[in-house]
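One-letter residues, chain by chain:
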Amino acid sequence: MKKILFVFAVALISGITEIQAQNYDKSKIPPFTLENPLEFVNGKKVKNAKDWQLRRQEILDIFQSEMYGRMPSAPETVVTETLDEGETLAGFAIRRQIRMWFKPDKSGPKIDWLVITPKHVKGPVPVILLLNYGGNHTVLDDEEILRYPNYTRVGLSSYDTGRGSMNKLNSPTIIPVNILIARGYAVVTACYEDISPDPDPGEDVEIAYTRIFDLWGKRDPERTDNTTSLNAWGWGLMRGMDMIERDPQLNEKQVLLTGYSRLGKAALIAGAFDERFPVVVPNQTGGGGAPLAKHYYGENIKTETTSFLHWYCKAYAKYADNEASLNFDQHLFLACVAPRSLMIQGFDEPWYDTESEFMALQAASPVWEMLGKEGLPKVAWPEDYGTEAIGSNLAYVRRNNDHGISAIDWIWMLDFADKNFGRK
């Protein structure tokens, strides 16, 4: 009963009224086959790392044409200014607020970054990079952190947007900055609405194509591959990496990229397109992220493309109720992270189809193996909280309870990152 109520609640939040359109009977999943990530569209086999780079670009081109839209180029100019610097967390950390522009005259769209570094660790320090939902002020209970009241997403009212709300222990999702700092990591974050507003279903979708979208000119209504908010949020994370590379206090070779739900999708997109991210950990992405679309269970392409018009390009809608016609699926996108390290963290509710996340990783694993890395451990789909599928370079773990990044998720990803960064 709990799972049925959860699915119904998710459907209401998403603006979905046709609950019967979802399949929750695994015996009714139609047969499907998955494309070989190590085989080009023309049938040629991928034999080495050089071939893989070509195949990887082929895959990214497919997803740009058919699902996420075109990924905008890196900006010609990135200008940053430190607005504020001071001690925080009772003196254990240093807080910096950095404003980023993309024009030399500091006009136009901007992103405000919050950078928190441990005071007790000699730099450069490893970094956790993520976008937040409610504003930078929700990350720490610190009166000096700027708070903006003009975020447009109605859904933000469902978050406790008070100062430090992301540190509350009874919250279903937390950013435990004090623990992350104690582990020796810096935290770099920005509010996703600084990049692209996120209108709820029924609101004017054109709101989404403002702010950072102003850099890219007028959208062509005739195109089916216009860039999307998911790509914009991923692009914003890449700009966070630009800033990290410039900062002598931060170690650009040791960056853990993460995010949950729609921002887990954004983290996956940034990690797939940008090879600078060494460790990528998308948390509870839901459909359109890690789960296979052809595994017709829970969220599906119809719900994705009718409720979240600004997340996917127009081309993707032709696969709604027609998943069998797909000549690609999410395992190919996961493979684009190889040979870097990838951990998928699943949420054990039917809507999120965690089993197909695991299947997607299994199907992507041969790419890591071909490139000389350890693939996904050869185990069955783990139970909730089982850690047997956590390998050195490729990992999967899932849990139940609430949706969001919890304390146990942070422990799993920090341990995974520490191992990859050679940290004790």
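Numbers given for residues are sequential positions, taken from 1 along each chain in its written order. Reporting in this predicted model follows two pLDDT cut-offs: at least 70 for local features of residues, and 80 or more for side-chain atom pairs to be given and counted; totals over whole chains, interfaces and linings ignore these cut-offs and use all residues. The side-chain figures draw on all heavy atoms in the structure; neither hydrogens nor water molecules are used.

On to the environment of Gly287. Its location among the elements puts Gly287 in the loop between strand S7 (279-283) and helix H6 (301-307). Exposure categories follow from relative accessible area, calculated using a 1.4 Å probe and restricted to protein chains: below 20% of the type maximum is buried, above 50% is exposed, and the middle band is partly exposed. A residue is classified by how much of its surface remains accessible, and Gly287, at 6% relative accessible area, is buried. On a C-alpha basis, the gap between Gly287 and Glu357 in space is 9.5 Å, while along the polypeptide they are 70 residues apart. Note on definitions: a residue-residue contact is assigned when non-hydrogen atoms from the two residues lie within 4.5 Å. Leaving out residues up to four positions away in the same chain, Gly287 has contacts with Lys265, Glu299, Glu304 and Tyr312. Starting at the N terminus, helices and strands are each numbered in turn, a helix being any DSSP run of H or I of at least four residues and a strand any DSSP run of E of at least two.

For helix H5 (residues 262-273), built from 12 residues, the straight-helix expectation of 16 Å at 1.5 Å per residue is met to within 8% by its first-to-last C-alpha distance of 17 Å. Burial analysis of H5 places 12 of its 12 residues in the buried class, which makes it a mostly covered element. Packing partners of the buried residues in H5 comprise helix H2 (49-66), strand S4 (125-132), helix H4 (229-246), strand S6 (250-260), S7 and helix H7 (330-335). Here a helix's expected span is defined as the number of its residues, less one, multiplied by 1.5 Å.

The next point concerns the packing of aromatic side chains. Two aromatic rings from Phe, Tyr or Trp, using only the six-membered ring of Trp, form a pair when their centres are within 6.5 Å; if the ring planes differ by under 30 degrees the pair is stacked, by over 60 it is edge-to-face, and anything between is tilted. Considering all chains together, one arrives at 21 aromatic pairs under this definition. With centroids separated by 5.1 Å and ring planes inclined at 75°, the aromatic side chains of Phe213 and Trp216 adopt a geometry described as edge-to-face. For the ring pair Tyr319 and Phe328, a centre distance of 5.7 Å and an interplane angle of 85° mean the geometry is edge-to-face. Since its relative accessible area comes to 7%, Tyr319 is described here as buried. Note on Phe328: relative accessible area 2%, which makes it buried. Ring pairs connect the aromatic residues Phe63, Tyr68, Phe273, Phe308, Trp311, Tyr312, Tyr316, Tyr319, Phe328 and Phe333, which therefore count as one cluster.

A large share of S7 lies buried, amounting to 5 of its 5 residues. With the strands aimed away from the viewer, a crossover counts as right-handed if its path from the first strand over the helix to the second runs clockwise. In this view, the connection linking S6 to its parallel neighbour S7 by way of H5 has right-handed handedness. A strand pair is defined by DSSP finding two or more bridges across the two strands. With 3 bridges connecting them, S7 and strand S8 (residues 341-347) associate as parallel partners. When the bridges of S8 are listed, Asn283 appears paired with Gln345.

A pair can form between side chains of opposite charge whenever their charged atoms are brought close. By definition, a salt bridge exists where a carboxyl oxygen of Asp or Glu is found within 4 Å of a side-chain nitrogen of Lys or Arg. Inspection of every chain in the model, using the stated rule, returns 29 salt bridges. Notably, a salt bridge pairs Arg96 with Asp247, separated by 2.8 Å at the nearest N-O pair. Residue Arg96 is found in strand S2 (residues 93-101), and its partner Asp247 is found in the loop between H4 and S6; the two are separated by 151 residues along the sequence. What makes Arg96 buried here is its relative accessible area of 6%. Via salt bridges that share partners, Arg239, Asp242, Glu245, Asp274 and Arg276 belong to a single interconnected network.

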